[in-house]
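Okay, here's what each chain looks like letter by letter:
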Amino acid sequence: MLPTKENITTVGRALRQGMLAGIPTETVYGLAANALDGAAVAEIFKAKGRPMDNPLIVHISDFSQIERFSLVRQIPEKAYLLARKFWPGPLTVIMPKGIAIPDEVSAGLDTVAIRFPSHPVTKAVIAAADRPLAAPSANTSGSPSPTTAGHVYHDMQGKIPYILDGGICEVGVESTVITLCAPVPMLLRPGGITLEQLKDVLGDVEVNDAVLHKLKDGEKAESPGMKYKHYAPKADLILVKADDDKFIRFVNDRADEKTGALCYDEDMPLLNVRSFPFGCKGDYTAQANRLFDALREIDETDIQTVYGRCPDTQGLALAVYNRLIRSAGFEVIELA
Ligand code: AMP
Ligand code: MG
């Protein structure tokens with residue numbers, strides 16, 4: 001339904017009573033529940049088929065709610081710096097967990113992830129609920145995160161009572177996650193706020209190994225979500241790191257009706273296979289915005305092998321690279 005004032009009030013009340021709702025945010029659509037209600041939060045895991053050891057982000061609509069609802073044990077100094085610069089916005093900050101946070105939210109960890117989103121509808125829903133909202137992406141676990149209300153409906157129909165349609169998500173990939181519960185602030189997941197921006201504010205920021213590399217067997221994930229192979233399309237996705245001509249030639253040499261290309265917009269007219277463009281080369285904003293929709297489109301076909309462009313790793317492209325390399329199960333072909 002449309003996010004009218006009335007509908008937002010209805011959804012806010014339902015959330016306060018323990019129900020779930022699909023809601024738009026500037027990153028991706030979220031599957032929201034009252035973050036202070038363990039039983040309601042447990043329903044999120046059921047609807048998504050999400051492993052219980054994968055913690056959720058708590059969304060607020062005002063910085064003061066952190067203290068008012070006892071979400072955090074103590075607000076680290078650096079959290080104020082980040083909040084001043086990037087909140088409201090696509091940044092999640094991990095802090096020491098407060099007494100009000102149920103174990104379902106933090107997956108038993110001693111820390112909690114907090115985000116203050118900028119989307120006017122998200123903020124209005126949180127305010128209407130008058131509760132912080134736990135909200136992971138509103139997809140079935142293992143599917144690409146939803147960037148339209150249609151994606152949410154596809155995955156959640158029959159499982160949740162409400163979906164608010166706020167159009168296409170502006171950022172298109174999930175929030176940046178940074179932890180302040182480490183000796184040096186550490187980037188756990190790249191997203192809409194870039195590593196470069198974080199360094200500008202904090203100085204030193206480490207990058208967790210799992211951002212760029214596959215975790216070794218038995219290696220502990222600082223960010224539990226990173227241990228799962230996310231967003232895997234049904235087709236076998238292989239990234240090809242090559243210049244423009246070589247990429248085109250490589251794909252066209254393998255052209256048949258079971259092969260596709262996840263490519264830049266300008267590649268499309270040159271390719272002899274079904275292509276799924278996800279933005280122009282170098283336009284990282286467009287790439288982030290369109291990636292998940294392109295992955296879902298591939299799933300609508302019976303294509304078996306998809307060759308993908310290997311994204312850059314600077315700025316917002318790091319978030320695109322991080323998602324794509326995981327979709328591809330870290331399979332990359334490098335052409336000299
Ligand atoms: P999603 O809401 O689906 O974008 O997933 C949220 C992700 O945030 C999880 O998969 C974790 O990787 C990360 N996260 C949430 N809470 C914590 C925490 N307390 N410590 C580390 N990472 C967290
Ligand atoms: Mg998710």
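Before reading on, note that the structure itself is shown above.
My aim in this report is to walk through the structure given alongside it, one point at a time. The shown structure was predicted, so the numbers you read here are calculated from the model rather than taken from an experiment.

1. Brief notes about the pattern of salt bridges
- Here the structure, examined in full by the defined rule, presents 13 salt bridges.
- The shortest N-O distance in the salt bridge between Arg 115 and Glu 26 comes to 2.7 Å. One end of the pair, Arg 115, is in strand S5 (residues 111–115); the other, Glu 26, is in the loop between strand S1 (21–23) and strand S2 (30–34), and 89 residues separate them in sequence. With respect to class, Arg 115 is no different from Glu 26; both count as buried.
- Here the residues in one salt-bridge network are Asp 244, Asp 267, Lys 281 and Arg 309, joined through shared partners.

2. Considerations on the sheet that holds strand S15 (residues 332–334)
- Pairing is parallel across the open sheet formed by five strands, whose spatial order is S13-S12-S14-S11-S15. The strands lining the two open edges of the sheet, one partner per strand, are strand S13 (274–277) and S15. Neighbour-to-neighbour, the strand axes of the sheet open up by a mean angle of 25°, direction not taken into account.
- Summarising the sheet, strand S12 (residues 259–263) and strand S14 (residues 305–309) pair through four bridges and their orientation is parallel. Counterpart to Leu 262 in the pairing with S14 is Gly 308.
- The strands touched by helix H9 (residues 244–253) are strand S11 (236–241), S12, S14 and S15; relative to S14, the strand with the most contacts, the crossing angle is about 175°.

3. Remarks on the nonpolar core
- Leu 82, Trp 87, Leu 91, Met 95, Ile 114 and Leu 198 are the most contacted members of the largest nonpolar core, which totals 49 residues.
- Put simply, the parts of the chain that give this core at least two residues each are S2, helix H2 (38–48), helix H4 (77–86), strand S4 (91–96), S5, helix H7 (149–156) and helix H8 (195–202).
- Per-element tally for this core: the top contributor is H2, with five residues.
- Of all hydrophobic cores here, the second largest spans 29 residues; its members include Val 171, Leu 262, Tyr 284 and Cys 310.

4. Some details on the site of ligand 1
- Of all residues adjacent to ligand 1, which total 18 residues, the nearest are Asn 54, Thr 111, Arg 189, Ser 223 and Gly 225.
- With respect to ligand 1, the side chain of Arg 50 contributes an N or O atom lying 3.0 Å from an oxygen atom.
- Note that an oxygen atom of ligand 1 is positioned 2.8 Å from one of the side-chain N or O atoms of Arg 189.
- If you list the elements that add at least two residues to the shell around ligand 1, you get S5 and strand S9 (186–189).
- Tallying contributions element by element places S5 first for the shell around ligand 1, with three residues.

Parameters at a glance
Residues numbered from 1 in each chain as written. Chains lettered and ligands numbered in written order. Predicted model: local features only at pLDDT ≥ 70, side-chain atom pairs only at ≥ 80, totals over all residues. Heavy atoms only, no water. Salt bridge = Lys/Arg side-chain N within 4 Å of Asp/Glu carboxyl O. Helix = DSSP H or I, 4+ residues; strand = E, 2+ residues; numbered from the N terminus. Buried < 20%, exposed > 50% of the residue type's maximum accessible area, 1.4 Å probe, protein only. Pairing = 2+ DSSP bridges. Axes fitted to C-alpha atoms, helices over the stretch in contact; angles between N-to-C directions. Contact = heavy atoms within 4.5 Å. Core = buried A, V, L, I, M, F, W, Y, C linked by side-chain atoms within 4.5 Å. Near = heavy atom within 4 Å. Polar contact = N/O pair within 3.5 Å; in protein donor to acceptor, adjacent residues only side chain to side chain.

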